[in-house]
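The lines below spell out each chain.
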Amino acid sequence: MAPELQVRAFSAADAPAVAAIYNQGIAERIATFETEPRSPSTMAEQFGKRADTHPAIVVEQAGEVVAVAWTSEYRPRRAYAGIAETSVYVAKDARGQGLGRLALASVIDAAERKGFWKLVSRIFPENAASRRLCATLGFREVGVYHRHGKLDGVWRDCIIVERLLGEALNP
Ligand SMILES: CC(C)(COP(=O)(O)OP(=O)(O)OC[C@H]1O[C@@H](n2cnc3c(N)ncnc32)[C@H](O)[C@@H]1OP(=O)(O)O)[C@@H](O)C(=O)NCCC(=O)NCCS
């Protein structure tokens, strides 16, 4: 890892930078169905609420937070307790340098250490960077949800991806 890079757990002080990175992703319309920008305080509150159960990782480059990855609840049902949703966002100017890979790989490790047995995510088919990133880190494309939702009034498909972890790899 380059000396100017640091990978560490999210803390509340990172909320402004993380909100700015996530809001870029919202504005691009390539990553999420979310359309409302998230405030730093909402971000801090959401990450704070699940701090004991779900990992959130940031990557700093030269002292600035440039990438973030986290997991969140998949479903409340007990049978699914070992499954988490995962997300990864890199600041626009910092993409294509391996930082998304670093953030997602770190959150995969952290989720495995917490005992999760599967990560899932949904990716828009046209999000080539995310599909490639997930594929290189061992996610499998399960299938396509057709017309899964409307973004700005336009139907969008979603590819579901999954990655087994821990005990699910060697049952
Ligand atoms: C998707 C995203 C996280 C990738 O992060 P990144 O730091 O740019 O990606 P990396 O540099 O770590 O590259 C990871 C892999 O993706 C490939 N990749 C990166 N950008 C790509 C692009 N635009 N098209 C195709 N492949 C691409 C890289 O070549 C690399 O593959 P390799 O290991 O085979 O060489 C980043 O583009 C992003 O934040 N996008 C907006 C938010 C988003 O879409 N998040 C995912 C949805 S939850």
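Trainee: Help me out: how do you make sense of the nonpolar core in this one?
Mentor: If you look at soluble globular proteins, the nonpolar side chains tend to sit buried side by side. Judged by nonpolar contacts, the single largest core of 41 residues is most densely connected at V18, M43, F47, V68, W70 and L104. When near neighbours in sequence (up to four residues on either side) are disregarded, V68 contacts V18, I21, F47, I57, V58, S87, V88, Y89 and A103.

Trainee: Any chance you could explain unusual backbone geometry here in plain terms?
Mentor: When glycine is set aside, most residues are seen to have a negative phi, and most peptide bonds are trans. The phi dihedral of R29 falls on the positive side, at around 65 degrees, and the residue is not glycine. Tracing the chain through its elements places R29 in the loop between α1 (15-28) and α2 (40-49). By relative accessible area, which is 24% here, R29 ends up partly exposed. Of note in this structure, A62 is not a glycine but carries a positive phi near 50 degrees. Looking at the secondary structure, you find A62 in the loop between β2 (56-61) and β3 (64-73).

Trainee: I keep staring at the pairing of strand β5 (residues 118-123) and nothing clicks. Help me out?
Mentor: If a strand is regular, its side chains alternate between the two faces of the sheet. Where burial is concerned, most of β5 is hidden: five out of the six residues are buried. Crossover connection from strand β4 (residues 83-90) via helix α3 (residues 99-113) to parallel β5: handedness right-handed.

Trainee: For this particular structure, what's the right way to read the site of the ligand?
Mentor: By nearness alone, 18 residues border the ligand, and V88, V90, G98, N127 and R132 come closest of all. A distance of 2.7 Å separates an oxygen atom of the ligand from a polar atom in the side chain of R132. When the ligand sits alone it has 930 Å² of accessible area, and the protein chains cover 74% of it. For the shell around the ligand, the elements supplying multiple residues, two or more each, are β4, α3 and α4 (128-136).

What counts and how
- Residues numbered from 1 in each chain as written.
- Predicted model: local features only at pLDDT ≥ 70, side-chain atom pairs only at ≥ 80, totals over all residues.
- Heavy atoms only, no water.
- Core = buried A, V, L, I, M, F, W, Y, C linked by side-chain atoms within 4.5 Å.
- Buried < 20%, exposed > 50% of the residue type's maximum accessible area, 1.4 Å probe, protein only.
- Contact = heavy atoms within 4.5 Å.
- Helix = DSSP H or I, 4+ residues; strand = E, 2+ residues; numbered from the N terminus.
- Right-handed = clockwise from strand over helix to strand, strands pointing away.
- Near = heavy atom within 4 Å.
- Polar contact = N/O pair within 3.5 Å; in protein donor to acceptor, adjacent residues only side chain to side chain.
- Areas by Shrake-Rupley, 256 points an atom, 1.4 Å probe, with all protein chains shown as cover.

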